[in-house]
Structures are given as C-alpha cells and as structure tokens.
Amino acid sequence: MGPPGAGKGTQAELYRARHGIPHISTGDMFRAAVRANTEVGQRATEYMREGELVPDAIVQQIVEERLLQPDCAAGFILDGYPRTLPQADALDEFLARTGRELHGVIFFEIPEEVVVRRITGRRICPTCGANYHVEYHAPREPGRCDLDGSELIQRRDDAPETVNRRLEVFRRWTAPLVDHYRNRGVFLAVNARGTAEEVYERISEFVAARAGRAVGR
C-alpha cells in the first residue's frame, strides 16, 4: 500500500523475480483490459483517465478472476489493491472463502513532493513500451527511445494534474486502510525513500518474520 509512485510495483517485481511470487497489479490488469478493449476495460477507462478510483465491484471482479489462476495457489503479492475499506472487506471474504489468509501489509511512506517528481518524470515509448524517467533513467537522446528512436510520450495518468488528483483520491479513500490493517498486527510502515535495494532490505526483515510465524502456526 502507498501513494502512486511510492515504489510498490518496483518492490513487487523484485520479489517476483527473486522468489517466484506472482505480482498482481490492478493497474497493470486494467491497462491491459483497456488495450484489449474488454468489457471490464471499457467500464474502467473513464475512471482511470480522470485519476478516479475504479468502482469496487469492477475491481473485485478482475482481482478474483486473477487470484483464482493456478500460479497464485501458493501465494501472491497485491499491488494497488485493496484501495478502500469495502475492497478490504471483500478481500477478507474472498480469502476466507478460498482457505487463505493475509500474512502482511507493507505501507510505503514517502513525501508527496517526491511522488510528484517520480511520476511526472516518467516517459514511455509508444512503439515498444520501454520505460524511462527524465531524471532517474533518461534516454541517451532526450525524448527518444534508445531501442527504436520513437518519440517518447507521457501517459495521461502521469500528467501533473492527474497525479495531484490521484493523490487527493489516495488521501481520501486509501489512507483510512492504514488503521484498518495496523490494528490487525500484520502491518509495516516502511521508509520508501532511497534505492530499490535499500527499500527491499527494509521490507525483507519484516517479510521473513511474518513467514516464520506463518510456518510456525
């Protein structure tokens, strides 16, 4: 959990690559559904364009379908879900129904000004999909993809006005989940500033402790 641009996806991908745990990103799933022009994608498009939360019923549908796939049988990492208290309740119900449980919740703490700089600096190649950042991972030629020379673009949901709207939505709907999970004893607030490896090490100790408790039960 955490605001957009806090590094949730980066850490989830590190755990996927190093431990083989599926990374379940609602943002990625919705963007894929939009590109494929599926029914769910069509319903979600307008909400995503405006930086609004996709309605809970639509989110729950796509998440449950994904979590029932065979590769999630031994565990998974959720990125971008749940984002509201009703979604958290729906997740609890789903886990109980499928004989699973939640082992840990990581909350990424980071100043909003850092988040804005991280997100608004993102650029993507419309041809091959390569990702860049004007500060942290700049292309060799400004504004051009290193791989195919295409002109890089900024996604609409990375534009400053949309980022500010996304942060407002996060404060209103997602922040209350902190107390919800903190009170359950499965919560870690982690400093999300620093390199990806530094943040990974901060999280790893908590994950190892939680895994040990789960095995010991």
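Caption draft 1: Focus on the overall build of the protein chain. Of regular secondary structure, the protein chain possesses nine helices and six strands. The C-alpha extent of the protein chain, read off along each of the three principal axes, is 55 × 40 × 35 Å. Of the contacts made within the protein chain by residues no fewer than 6 positions apart, 66% connect residues no fewer than 24 positions apart. When the accessible surface of the protein chain is summed, it comes to about 11,800 Å², and 51% of that surface belongs to carbon and sulfur atoms. Put simply, the protein chain has 30 plus and 32 minus side-chain charges, and the middle of one group is 1 Å from the middle of the other.

Caption draft 2: Summary view of unusual backbone geometry. In this model, Tyr81 is joined to Pro82 through a cis peptide bond whose omega is 0 degrees. With respect to the helices, strands and loops of the structure, Pro82 is situated in the loop between β2 (77–79) and α5 (85–97).

Caption draft 3: Structural detail: the pattern of salt bridges. By the definition in use, this model includes 15 salt bridges. In this structure, the salt-bridge partner of Arg122 is Asp158, at a minimum N-O distance of 3.5 Å. Here Arg122, found in strand β4 (residues 122–124), pairs with Asp158, found in the loop between β5 (131–133) and α7 (160–174); they are 36 residues apart in sequence, far enough to count as distant. Taking the relative accessible area as the measure of exposure, Arg122 reaches 29% and is therefore partly exposed. Exposure remark for Asp158: the relative accessible area of 3% places this residue in the buried category.

Caption draft 4: How the structure looks around α7. End to end, α7 covers 20 Å across 15 residues, agreeing with the expected 21 Å (1.5 Å per residue, within 8%). Within α7 the residues assigned to the buried category are Thr162, Val163, Arg166, Leu167, Val169, Phe170 and Thr174. The buried side chains of α7 occupy one side of the element, clustering within an arc of 160 degrees when seen end-on. The elements touched by buried residues of α7 are α3 (39–49), β3 (105–109), α6 (112–120) and α8 (177–182).

Caption draft 5: Up close: the packing of α6 against α7. Running from amino to carboxyl end, α6 crosses α7 at an angle of 135 degrees, the nearest separation of the two axes being 10 Å. By the angle between their directions, the pair α6 and α7 is classed as oblique. The two elements α6 and α7 cross, and the hand of that crossing is right-handed. Taking contact as the criterion, the partners of Glu112, Val115, Val116, Ile119 and Thr120 in α6 are, on α7, Pro160, Val163, Asn164, Arg166, Leu167 and Arg171. When grouped by side-chain class, the residues that make up the contact of α6 with α7 number six nonpolar, two polar and three charged.

Caption draft 6: Inspection of the pairing of β3 at higher detail. Among the five residues that make up β3, four are buried, leaving the element largely enclosed by the rest of the structure. Two strands pair when backbone bridges link them, and β3 and strand β6 (residues 187–191) are joined in this way by five bridges, in the parallel orientation. By the bridge assignment for β6, Val105 is matched with Phe187.

Caption draft 7: Looking closely at the environment of Thr127. Inspection of the secondary structure assignment puts Thr127 in the loop between β4 and β5. Taking the C-alpha atoms as reference points, Thr127 and Leu188, 61 residues apart in sequence, are found 39 Å from one another. Thr127 has contacts with Asp148 and Ser150, leaving out every residue within four places of it along the chain. There is a polar contact of 2.7 Å between the side chain of Thr127 and the side chain of Ser150.

Caption draft 8: View of the nonpolar core. In terms of nonpolar packing, the biggest core is built from 29 residues, with Met1, Phe30, Val54, Val63, Leu67 and Tyr181 touching the most fellow members. Those elements that provide at least two residues to this core are α2 (26–35), α3, α4 (56–67), α5, β3 and α8. Aside from chain neighbours lying at most four places away, what touches Val54 is Phe30, Ala44, Tyr47, Met48, Val59 and Gln87.

What counts, and at which threshold
Residues numbered from 1 in each chain as written. Predicted model: local features only at pLDDT ≥ 70, side-chain atom pairs only at ≥ 80, totals over all residues. Heavy atoms only, no water. Helix = DSSP H or I, 4+ residues; strand = E, 2+ residues; numbered from the N terminus. Contact = heavy atoms within 4.5 Å. Areas by Shrake-Rupley, 256 points an atom, 1.4 Å probe, with all protein chains shown as cover. Lys, Arg positive; Asp, Glu negative; His and termini not counted. Charge placed at Lys NZ, Arg CZ, Asp CG, Glu CD. Salt bridge = Lys/Arg side-chain N within 4 Å of Asp/Glu carboxyl O. Buried < 20%, exposed > 50% of the residue type's maximum accessible area, 1.4 Å probe, protein only. Expected span 1.5 Å × (residues − 1). Arc of directions from axis to C-beta. Axes fitted to C-alpha atoms, helices over the stretch in contact; angles between N-to-C directions. Parallel < 35°, antiparallel > 145°, perpendicular 65-115°, else oblique. Left-handed = near helix turned anticlockwise from the far one by under 90°. Nonpolar A, V, L, I, M, F, W, Y, C, P; charged D, E, K, R; others polar. Pairing = 2+ DSSP bridges. Polar contact = N/O pair within 3.5 Å; in protein donor to acceptor, adjacent residues only side chain to side chain. Core = buried A, V, L, I, M, F, W, Y, C linked by side-chain atoms within 4.5 Å.

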